[in-house]
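Each chain is listed here by its residues.
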Amino acid sequence: MERTLIKDLKDNIGKEVLLKGWVSEIRNLSKVKFIILYDRTGDIQSVANKTTEGVSFNAIDDISKESVIELIGTVKEHPESRWGFEVLIKSVSMIAAAETPLPVDPSEKSQTHIDKRLDYRFLDLHSKRTQNIFKIQSTILQGFREFMYQEGAMEVTLPSIIGASSEGGTDLFTIKYFEKQALLSQSCQLYKQMLACSMEKIFTVFTAWRAEKHNTVRHLNESRQFDYEEAFADDKRVMTVLTQCVQFIVKKVMEDRKKELESLGVELQVPGEEYLTFEKVQEIMKKEGIEMPAHDLSGEAEKKLGVLYPNTIVYVHDWPLEGKPFYIMPHGKNSKGFDAIWKGMEITSGGQRVHDPKLLEERLKAHGLDLAAFKDYINSFRYGAPPHAGWGLGLERFTMLMLGLDNIREAVLFPRDRDRLTP
Ligand code: AMO
């Protein structure tokens, strides 16, 4: 007999089915016993009585929560139950018993601290809430790829072990690479630019490692970025692409993940966009009495933008050159770099890049970086490199903001932070 998924039970009323899944609850009403079973498609109430075969009627009480069982039974209409039908069990058998007690309760009846849940993430993944978050994240990933293919971009994979910093700065993990020292990539910046200068329009889902020492609710030491790069494009063009991309993904999640959004209590709206120069944001914040560093937005300023422009992707562009990495194109006294703020937090940085080797050398020097370490990167612009622009969107940040999660660790399956390397 082939396995039936719980979502397909409604099409099998009156038929005998084989179900496999996890036990979330057993209820004992002396003459009958209820087993609530779930699989990846939903849950269902099943009913055992004295004639049940396999695990005997009396032993059903001993089936521990989260154990994996299979059962054979007949689907019967049951309008009073919340499912509208139930399964009358013919036989139950154990596939894999869960040990007791469970170290964390996936039923969400009790509120377990996030640290404890992450210590047992494999069991926390049995919880419906956690599953819903990652089902939605999977749709975000799918939406990104669908949008990009539709846009005519090509997916590429880029190296994670690198010889020189890709963003400048010091937040890098070093690794032993045979006789040499290498680095774990902070971003695929330099490589995606080389790709845009040959293949024109590319995207990748890239894992980035940053050795930032602080532990915050919005930073991870290992995070995923949606990276996009386009030739013959400037900052304005790629901001438009970003808006369309985010709108596409949000729409897709709203359509494909209704049930999950509802269960998480999340109401989504497709965001609009707003363009503000960095100078304009400084003026606004001055009026609001919010302090800002000269070349960056403060967390408080980002929050304020979220309040002033609800449900909007706010592009802060014409960013001061001093506040952007060496690869961002200068523009007057500012740059062609931008940040995108959504729901009060930065989700993306991007901009037009420097594609002239001479100017690039100047910019690297201005950042105190060693030209020798960037030799191949500089050389890559010597043989026909068009102007180009792009951005990087943080997947976990985006998921966290979309779902109103209060800690970015909720939006990554196995977080890596200052204190956590396992599981
Ligand atoms: P940036 O460093 O701003 O830009 O990163 C892009 C986006 O990635 C996310 N992000 C992070 N998420 C969680 N934890 C972190 N430690 C972390 N760091 C970054 C954020 C951020 O907006 N190469 C450029 C992009 C470009 O110009 O194309 C870059 O990496 O959402």
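Here, every reference points to the structure presented above.
It should be emphasised that the depicted structure is a prediction, and the values quoted were computed from it without experimental measurement. (Residues numbered from 1 in each chain as written. Predicted model: local features only at pLDDT ≥ 70, side-chain atom pairs only at ≥ 80, totals over all residues. Heavy atoms only, no water.)

## Thoughts on the site of the ligand
Point 1. Of all residues adjacent to the ligand, which total 23 residues, the nearest are Gln189, Lys192, Arg210, Glu346 and Ser349.
Point 2. In the environment of the ligand, a nitrogen atom lies 2.9 Å from a nitrogen or oxygen atom belonging to the backbone of Leu220.
Point 3. For the ligand, whose free accessible area comes to 620 Å², the fraction covered by protein is 94%.
Point 4. Per element, the largest residue contribution to the shell around the ligand is five residues, and it comes from strand β18 (residues 345-352).
Point 5. Considering only residue class, the shell around the ligand consists of five nonpolar, 10 polar and eight charged. (Near = heavy atom within 4 Å. Polar contact = N/O pair within 3.5 Å; in protein donor to acceptor, adjacent residues only side chain to side chain. Areas by Shrake-Rupley, 256 points an atom, 1.4 Å probe, with all protein chains shown as cover. Helix = DSSP H or I, 4+ residues; strand = E, 2+ residues; numbered from the N terminus. Nonpolar A, V, L, I, M, F, W, Y, C, P; charged D, E, K, R; others polar.)

## Quick word on the nonpolar core
Point 1. One finds Ile140, Met148, Ile249, Trp391, Phe398 and Met402 to be the most contacted residues of the largest nonpolar core, which totals 45 residues.
Point 2. Residue assignment for this core shows that the elements contributing at least two residues are α3 (128-151), β12 (222-231), α5 (235-256), β14 (312-317), β17 (337-342), β18, β19 (388-394) and α11 (395-402).
Point 3. With nine residues, α5 is the largest single contributor of residues to this core.
Point 4. Residues Leu19, Ile35, Val55 and Phe57 belong to the second largest nonpolar core, which totals 22 residues. (Core = buried A, V, L, I, M, F, W, Y, C linked by side-chain atoms within 4.5 Å. Buried < 20%, exposed > 50% of the residue type's maximum accessible area, 1.4 Å probe, protein only.)

## Digging into the packing of aromatic side chains
Point 1. For the coordinates displayed, the defined rule picks out 18 aromatic pairs.
Point 2. Their ring planes at 80 degrees and their centres at 6.0 Å tell us that Tyr120 and Phe122 sit as a pair that is edge-to-face.
Point 3. Residue Tyr120 is classed as partly exposed on the basis of its relative accessible area, which comes to 29%.
Point 4. Each residue in the set Phe144, Tyr149, Phe203, Phe226, Tyr228 and Trp391 is aromatic and connected to the rest through ring pairs, giving one cluster. (Phe/Tyr/Trp six-rings, centres within 6.5 Å; stacked < 30°, edge-to-face > 60°.)

## A look at the side chain of Asn407
Point 1. With respect to the helices, strands and loops of the structure, Asn407 is situated in the segment after α11.
Point 2. For Asn407, a relative accessible area of 11% corresponds to the buried category.
Point 3. A distance of 2.9 Å separates a polar atom in the side chain of Asn407 from a polar atom in the side chain of Arg409.
Point 4. Those residues in contact with Asn407 that lie beyond four places of it in its chain are Ile114, Val217 and Met400. (Contact = heavy atoms within 4.5 Å.)

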